[in-house]
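# Fold and contact review
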Amino acid sequence: FFALALSAAMLCGCMAPEKGNENRAWNGAEEFADAGKKAQNYRKAVGYAGEELAALLLLQRGYRILARNFSCQVGEIDIIAEKDDLLSFVEVKTRLSDTYGAGRLAVNRPKQRHLRDAAQVYLQEYTGSCREISFDLIEIRAEHLRGLAI
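The structure displayed is predicted, hence computed values, not measured ones. (Residues numbered from 1 in each chain as written. Predicted model: local features only at pLDDT ≥ 70, side-chain atom pairs only at ≥ 80, totals over all residues. Heavy atoms only, no water.)

## Description of the nonpolar core
Phe70, Ile77, Ile80, Leu87, Phe89 and Tyr122 are the most contacted members of the largest nonpolar core, which totals 13 residues. Of the residues forming this core, the biggest block, 4 residues, is contributed by helix H3 (residues 109-125). Membership of the second largest hydrophobic core comes to 12 residues, among which are Ala55, Leu57, Ile79 and Val92. (Core = buried A, V, L, I, M, F, W, Y, C linked by side-chain atoms within 4.5 Å. Buried < 20%, exposed > 50% of the residue type's maximum accessible area, 1.4 Å probe, protein only. Helix = DSSP H or I, 4+ residues; strand = E, 2+ residues; numbered from the N terminus.)

Okay, structure coming up:
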């Protein structure tokens, strides 16, 4: 697993106010909606950072990345990579903590079915020479992520 770092200010969205807005009145509904958008963007950024690390890991281990975030009607696959005669469909789960359980626990039966179905769609168009396929999970623990800017 990879260890990254995350500043507390980034985690809670407690960034310093923009210059000129230090004394602006707080608008609860607007601020709350904005915080929700920032949290969603932050989760996407954390997920993207995890996928980047996973892709680097695969490249370092000799894989060739064929597709990232392959999406079709039946599902989405984070990374599709090949090495020798093996075609790998990779799900990446990045977690900042175990508060909601380990990332691997999120790959439940319905998620596995979506991965399998999306892989079948990909294989219909695949023209490579791989003779084996695998479904893999890369789980990244990033409880010490620092410097992630969105």
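## Considerations on the sheet that holds strand S3 (residues 86-95)
With mixed pairing, 4 strands are arranged side by side in an open sheet as S1-S2-S3-S4. Both edges of this open sheet fall to strand S1 (64-72) and strand S4 (132-141), since each of them pairs with a single strand only. Strand-to-strand twist of the sheet, defined as the mean angle between neighbouring strand axes without regard to direction, takes the value 30°. Here 10 bridges tie S3 to S4, and the two strands are oriented parallel to one another. From the neighbouring strand, Phe89 faces S4, where its bridge partner is Phe135. Of the strands in this sheet, S1, strand S2 (75-83), S3 and S4 touch H3, which is tilted by about 60° from S2. (Pairing = 2+ DSSP bridges. Axes fitted to C-alpha atoms, helices over the stretch in contact; angles between N-to-C directions. Contact = heavy atoms within 4.5 Å.)

## Structural notes on H3
In this model, H3 (17 residues) spans 25 Å end to end at C-alpha, consistent with the 24 Å of a helix rising 1.5 Å per residue. Among the residues making up H3, those that are buried are Lys111, Leu115, Ala118, Ala119 and Tyr122. When H3 is viewed along its axis, its buried side chains cluster within an angular range of 105° and face the same direction. Exposed residues lying more than 90 degrees from the buried face of H3 are Arg109 and Gln124. Where H3 begins, the side chain of Asn108 points an oxygen toward the backbone nitrogen of Lys111, at a separation of 3.0 Å. (Expected span 1.5 Å × (residues − 1). Arc of directions from axis to C-beta. Polar contact = N/O pair within 3.5 Å; in protein donor to acceptor, adjacent residues only side chain to side chain.)

## Some remarks on the pattern of salt bridges
This model, assessed by the stated rule, comprises 7 salt bridges. Between Glu91 and Lys111 there is a salt bridge, and its shortest N-O distance comes to 3.6 Å. In this pair, Glu91 is assigned in strand S3 and Lys111 in helix H3, connecting sequence segments 20 residues apart. Between Arg116 and Asp117 there is a salt bridge, with its nearest N and O atoms 3.1 Å apart. (Salt bridge = Lys/Arg side-chain N within 4 Å of Asp/Glu carboxyl O.)

## Some remarks on the pairing of S1
Sheet topology note: the S1/S2 ladder contains 7 bridges and is antiparallel. Within S2, the residue paired with Arg64 across the bridge is Glu82. Linking S1 back to S2 in an antiparallel pair, the connection comprises 2 residues.

## Here's the deal with a nonpolar patch on the surface
Among the surface-exposed residues, Leu123, Ile133 and Phe135 lie close enough to one another that they form a single nonpolar patch of about 250 Å² accessible area. Assignment of secondary structure puts Phe135 in strand S4. (Patch = residues over 30% accessible without salt bridge, like charges linked within 9 Å, V, L, I, M, F, W, Y side chains within 5 Å. Areas by Shrake-Rupley, 256 points an atom, 1.4 Å probe, with all protein chains shown as cover.)

## Section: the packing of aromatic side chains
Each pair of aromatic rings is reported with the distance of its centres and the angle of its planes. All told, the structure shown has 4 aromatic pairs when counted by the stated rule. Ring centres of Phe70 and Tyr122 lie 5.2 Å apart, and the angle between their planes is 85°; this geometry places the pair in the edge-to-face category. Placement of Phe70 in strand S1 and of Tyr122 in helix H3 is noted, with a sequence separation of 52 residues between them. The pair formed by Phe70 and Tyr122 is uniform in burial state, with each residue classed as buried. (Phe/Tyr/Trp six-rings, centres within 6.5 Å; stacked < 30°, edge-to-face > 60°.)

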